[in-house]
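Listed below are the residues making up each chain.
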Amino acid sequence: MTDTVVYREENGVATIAMNRPERRNSFTIEMADGLLAALERAENDRGIRAVVITSTGDHFSVGRDNADTDPPPYPAGDHLRGRTSLMRYTRLVTCMHDMNTPTIAEIRGGCAGAGMSFALNCDFRYASTTAVMSTAFVKVAFGGDLGGVWHLTRLVGPLRAKELLLLSPKLRGTELLDWGLVNDVLPPEELSARVMATATEIASHSPTAVAAARRNLQAATSLSLGDYLPLEAEQFATCAASPDAEEARVAFVEKRAPRFVIA
């Protein structure tokens, strides 16, 4: 694992922190590779049931580091190199989409460009009152990356997504809630506790059920009802056949909290 990413775990929750505070956690290939390795580590650890994505320093991530390399990472006229470079970054997107483990973004300070796209890939987003979010792409001559546009059109609708992308306003505080970009906005001193409380609650649930719910939610946004229902039935059957279902039933009868054992 690279020094640009810090990984720790506690009580079934993995915390993955971007660690380039001197560059406001702007993205480099090294950091993207480190984030992917950390996510895969969490996903492959049966003891991890929720993942928090956060950062060191005062900013979540202000996007791609334009000063990262010399020569520039996208030389003028080199279409193939630009595409190849972005596809390396987008392994993060497919990993987060396919994970069984839910992800929670803890956002403070600047969250722009690729940083905002990265946050949009998380299942939950909690922001500090210090957070400022902006797509920022058109201001640096790009149209989007890391699945950000795909998520925005589903989160806020095509009309508002166009406004966010083509005008690139800076949104903060309750504006983030009004636009539907985050689950909640909290004072800086309360942010980490709220994020960890959410992660801990998720970690207390059946991992089989949580994974099934994520699959159902993903399918519901893209499939017709006729195509969705067989998938839902398959997820239901997977849950019903798991030891978690019987433990939940017995716990309900005995009026106690269920104890889901790691398989």
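Anything mentioned here points back to the structure above.
Residues numbered from 1 in each chain as written. Predicted model: local features only at pLDDT ≥ 70, side-chain atom pairs only at ≥ 80, totals over all residues. Heavy atoms only, no water.

Draft legend 1. Quick look at the overall build of the chain. If you tally the helices and strands in the chain, you get eleven helices and nine strands. Expected size for 263 residues packed as a compact globule is a radius of gyration near 18 Å; at 19 Å, the chain falls within 12% of this value. For the chain, with 263 residues in total, the buried portion stands at 45%. Counting contacts in the chain only where the partners sit at least 6 residues apart, residues at least 24 apart contribute 68% of the total. (Helix = DSSP H or I, 4+ residues; strand = E, 2+ residues; numbered from the N terminus. Rg over C-alpha atoms; globule rule 2.2 N^0.38 Å. Buried < 20%, exposed > 50% of the residue type's maximum accessible area, 1.4 Å probe, protein only. Contact = heavy atoms within 4.5 Å.)

Draft legend 2. Expanded view of the sheet that holds strand β7 (residues 132-134). Strand order in this open sheet of three strands is β5-β7-β8, and the pairing throughout is mixed. Looking along the sheet, the strands with just one partner apiece sit at the ends: β5 (110-112) and β8 (171-172). Of the pairings in the sheet, the one linking β7 to β8 comprises two bridges and is antiparallel in character. Opposite Val 132, over in β8, you have Arg 172 as the bridge partner. (Pairing = 2+ DSSP bridges.)

Draft legend 3. Up close: a nonpolar patch on the surface. A surface patch of nonpolar side chains, amounting to about 310 Å² of accessible area, comprises Val 138, Leu 166 and Leu 167. Judged by relative accessible area, Val 138 falls into the partly exposed class, the value being 39%. (Patch = residues over 30% accessible without salt bridge, like charges linked within 9 Å, V, L, I, M, F, W, Y side chains within 5 Å. Areas by Shrake-Rupley, 256 points an atom, 1.4 Å probe, with all protein chains shown as cover. Salt bridge = Lys/Arg side-chain N within 4 Å of Asp/Glu carboxyl O.)

Draft legend 4. Representation of helix α9 (residues 207-220) in the model. A rise of 1.5 Å per residue sets the reference length of α9, with its 14 residues, at 20 Å; its end C-alpha atoms lie 20 Å apart and thus fit the reference within 8%. The inward-facing, buried residues of α9 contact α3 (91-98), α8 (188-203) and α10 (225-240). (Expected span 1.5 Å × (residues − 1).)

Draft legend 5. Layout of the pairing of strand β6 (residues 124-128). For β6, the buried fraction is high: four of the five residues fall into the buried class. Judged from the four bridges that link them, strand β4 (residues 103-107) and β6 form a sheet pairing that is parallel. The residue of β6 that forms the bridge with Ala 105 is Arg 125. Here β6 runs beside strand β9 (residues 184-186); their pairing, made up of three bridges, is parallel.

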